[in-house]
Amino acid sequence: MDDTSSTSLWRSIEQPLGALRDLLVHLDRSHQLLVMTCWPPTVRHKLWQIVREISDHRSTISVRFAPVDARHLPWHDPNQHQIVIVVDLSCPGTQLLLESAKQLLYYRLRWIVLQSIADELSFQGWKTCTDYQVLDRLPLLVSNEVFYFCTDPASGRHVIRQQYRLSVAPNASVTTMETFGVWQPDKGVQLESNAPRPTVTSVRRQNFNQYQLRASLVILHNETLNHLDDLHDRHIDTISRVNYLLTKTVAQALNATVRFTIVDSWGYRDPDKDRYSGMIGELQSDLADLGGTSMFFTQDRIKVVDFLSMTASTRASFVFRAPKLSFTDNVFLLPFDQYVWYCTVSFIVLSGVLLLVVLRTEQRYTATSDAGSHSITGLSDTLLNVFGTTCQQGSFIEPKTAPARCLVLLCLVVLMFLYASYSANIVALIQSPSTKIQTVGDLLASRLKTGAEDTVYNHYYFRHETEPIRKALYERKMRNKDGTENFIPLAQGIELVRQGHYAFHVEVGVCYKLISETFQEEEKCGLQELEYFKVIEPYYAVQKNSSFRESVRINLFKMREFGIQGREHTLLYTKKPRCVGGSSFIPVSIVDVWPALVTLGWGYFLTATILIAEILWVRIRSRLLPEDGYFHH
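Here the residue index of a chain counts from 1 through its sequence in written order. Given that this is a predicted model, residues contribute local features only at a pLDDT of at least 70 and side-chain atom pairs are listed and counted only at 80 or more, while totals for whole chains, interfaces and linings are drawn from all residues. To get the side-chain values, take all heavy atoms of the structure and skip hydrogens and water.

S.K.: Got a sec to walk through the state of the cysteines? Specific residues and values, please.
M.R.: Disulfide: a pair of cysteine sulfur atoms within 2.5 Å of each other. Scanning all chains against the criterion turns up one disulfide. Between the sulfur of Cys 38 and that of Cys 91 lies a disulfide, 2.2 Å long from S to S. Disulfide Cys 38-Cys 91: torsion about the S-S bond near -85°, hence left-handed. One end of the pair, Cys 38, is in the loop between strand S1 (32-36) and helix H2 (41-55); the other, Cys 91, is in the loop between strand S3 (83-88) and helix H3 (94-101), and 53 residues separate them in sequence. Here the term buried applies to any residue with accessible area under 20% of the maximum for its type, exposed to any over 50%, and partly exposed to those in between, with areas from a 1.4 Å probe on protein chains only. Residue class for Cys 91 comes out buried when judged on its relative accessible area of 3%. To qualify as a helix, a DSSP run of H or I must reach at least 4 residues; to qualify as a strand, a run of E must reach at least 2; elements of each kind are numbered from the N terminus.

S.K.: Explain helix H14 (residues 468-478) to me, using residue names and the numbers behind them.
M.R.: For H14, the set of buried residues is Arg 470, Ala 472, Leu 473, Tyr 474, Lys 477 and Met 478. Buried residues along H14 sit against strand S15 (316-321), helix H12 (440-445), strand S16 (449-453), helix H13 (456-463), strand S17 (487-488) and strand S19 (527-531). Every residue pair with non-hydrogen atoms within 4.5 Å of one another is taken to be in contact.

S.K.: Tell me about the packing of aromatic side chains, and please be specific about residues and values.
M.R.: Under the pairing criterion, centres of Phe, Tyr and Trp rings, with the six-membered ring standing for Trp, must be within 6.5 Å; the plane angle then separates stacked pairs below 30 degrees from edge-to-face pairs above 60, leaving the rest tilted. Counted according to the given criterion, the structure contains 25 aromatic pairs. Both rings, one in Tyr 211 and one in Phe 548, keep their centres 6.0 Å apart while their planes meet at 45°; by these two values the pair is tilted. On the criterion of sequence distance, the pair formed by Tyr 211 in the loop between helix H5 (201-204) and strand S9 (212-218) and Phe 548 in the loop between strand S20 (539-543) and helix H17 (549-562) is long-range, its members being 337 residues apart. Classification of Tyr 211 as buried rests on a relative accessible area of 14%. By relative accessible area, Phe 548 is classed as buried at 4%. For the pair Phe 297 and Phe 307, a centre-to-centre distance of 4.5 Å together with 35° between the ring planes defines the contact as tilted. Of this pair, Phe 297 sits in the loop between strand S13 (290-295) and strand S14 (305-310) while Phe 307 sits in strand S14; the two residues are 10 residues apart in sequence, bridging distant segments of the chain. Classification of Phe 307 as buried rests on a relative accessible area of 11%. Through a chain of ring-to-ring contacts, the aromatic side chains of Trp 266, Tyr 268, Phe 296, Phe 318, Tyr 457, Tyr 460, Tyr 461, Phe 462, Phe 487, Tyr 532 and Phe 533 assemble into a single cluster. If you follow Arg 470 out to its NZ or CZ, it ends over the ring of Tyr 532, 5.9 Å from the centre. Counting as a charge over the ring demands two things of the Lys NZ or Arg CZ atom: a distance within 6 Å of the ring centre and an angle within 35 degrees of the ring normal.

S.K.: Give me the lowdown on the sheet that holds S14, citing residues and values where you can.
M.R.: By this definition, two strands are paired if DSSP reports at least two bridges between them. Taken together, the five strands give an open sheet; going across it, the order is S10-S9-S13-S20-S14, and neighbouring strands pair in mixed fashion. What marks the edges here is a single partner per strand, and that holds for strand S10 (257-263) and S14. Across the sheet, the mean angle from the axis of one strand to that of its neighbour is 30°, orientation sign disregarded. Direction of pairing for S13 relative to S20: antiparallel, over a ladder of three bridges. By the bridge assignment, Gly 291 is partnered in S20 with Ala 541. The convention used is that axes are lines fitted to C-alpha atoms, helices contributing only their stretch in contact, and that angles between N-to-C directions extend from 0 to 180 degrees. Across the sheet, helix H6 (residues 238-253) lies against S9, S10, S13 and S20, angled at about 145° from S13, the strand it touches most.

S.K.: Could you give an account of the environment of Asp 88, naming the residues involved and the relevant values?
M.R.: In this structure, Asp 88 sits in strand S3. Spatially, the C-alpha atom of Asp 88 lies 7.8 Å from that of Cys 38, the residues being 50 residues apart in sequence. The contacts of Asp 88, once residues within four sequence positions are left out, are Met 36, Thr 37, Trp 39, Thr 94, Leu 114, Gln 115 and Ser 116. N or O atoms closer than or at 3.5 Å make up a polar contact, with two conditions inside protein: a donor-capable atom paired with an acceptor-capable one, and, for residues adjacent in sequence, both atoms drawn from side chains. Polar side-chain contacts of Asp 88 include one of 2.7 Å to the side chain of Trp 39.

S.K.: Summarise the sheet that holds strand S5 (residues 146-151); cite the residues concerned and give the values.
M.R.: Backbone-to-backbone hydrogen bonds pair the strands of a sheet. The strands run either parallel or antiparallel. Here eight strands make up an open sheet; going across it, the order is S2-S1-S3-S4-S5-S6-S7-S8 and the pairing mixed. Looking at strand neighbours, the two that pair on one side only are strand S2 (62-66) and strand S8 (188-191), the edges of this open sheet. When strand polarity is set aside, the average angle formed by the axes of neighbouring strands in this sheet is 30°. In this structure, S1 lies alongside S3, joined through five bridges in parallel fashion. Looking at the pairing, Leu 34 lines up with Ile 85 of S3. Here H3 sits on the sheet in contact with S1, S3 and strand S4 (110-114), set at roughly 145° to S3.

Right under this line is the structure:
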């Protein structure tokens, strides 16, 4: 392009570039200007000077020039929201570039469209607002930020316009025109006094004019379809019913309607086709705009859908009644701290040794002893006597001297207090619930049986768990030896929890309704929760890169701030029941005295073993010794 052409081109776009400069002042977060035009170097240099003038008064704006080619679009730039792209419709290939941009036209990026051809009717490069038919063929959806300069034929003013549609389908929605501002050479860009406020696009475009949104809803029980708008059986499909009401509220806030499609799962991924079924599949296939049921935030779903907001403050956990303390611990070892046990054993040994010394001395210096008195032969006798005193079985020793009597009296008094403390603690511990089951590993090691509600997400997560402890829990406690699995209905699982020694994996806000209705007051005490899934609370989702994303997100946040979400959650979910009746008396069972029975059994076994060994030893020795030996029969 020669100098004459460059001068003519500059004159034709001098005013639009001035308007571009004034427009950039109103665009926050614009830190990079990507110019994709066919302009000569002289015009590019003047544009660079204009942008530098703006940078002197605000944050720095970098300028980058690129050919008119879709390959140079910032497809994967993490800072897309800071980029403003400038194009010139007069440059060859610009229309093809805009058509190839696809979602970049309405997602994150901002565009400024210029027209550089000058003639008398277009006011030195300003086209009339009816000369942009090319924009009508582009997917300028509701979230787009495409600005173009034109002249209003009615008033003759230079205006900055925007336009958007709600759908790319033909005749699906009309094009809405917006006047962002009016440009004057001496005043710059003046926002319209009657223009909607604020200037943030997603906040400004909240009127969808009864456009029909499509929402996919996960329903696991057909009867729920008859009670989506009431509170009948609110413990069934609760998470779907909460989000159903929130979705209708979002549509109402946007002045839109909503059409629901019903699916029976959130979606499974087909690794061969890289496609999902269920609700995620409908979002992925553009059969739905909104995910009407919130779902768990997982890594594999991030590539398919956009997660917006947590709309259901609930989670799935193992719910169980805390078992008796004797179910998880040996209550006979719990009353005393380990150091008290050390001191008690040391006291018994020391008392036995001292008692042996005192009694031996007493026997040595006493000429005669009573006929009924017992003679002490060794340390084992005294230790056995002290141990019997410890267990409050009395003493068979009859001390005669004052030192021996003082020692025996001291042992009786000290061991009486120990025995009283020990016995009182045992009674209290037998009535106490255990708090030892706090992790998945504790549940795996415990004797509790486990089950889960028969839902699609429980089936999926339990079967596909790869973490070693959680996988072991599924293999050893959820899957039976005959191949069946412990996925059972909600009511049956809650009844097993009521009976005790059973952990049921269920959505906690749902199960507490049945617990409140079926449990006795004392049975509501000791309820515990144990989280199995390592996922955060469910999120509301929409199509990936959806143009409705920000509009829906803003209204979801509003519903949370205004209390609408909390109201729906309170109506449909039940909080954990309070323990107001206290715990009832628990009778002693075999499990409580099992350590004592085990000790008794080992004692019997050891006694029998020693007896048999002694008999065998005597017989063997009698055969080896001569008849006039030590043993005579």
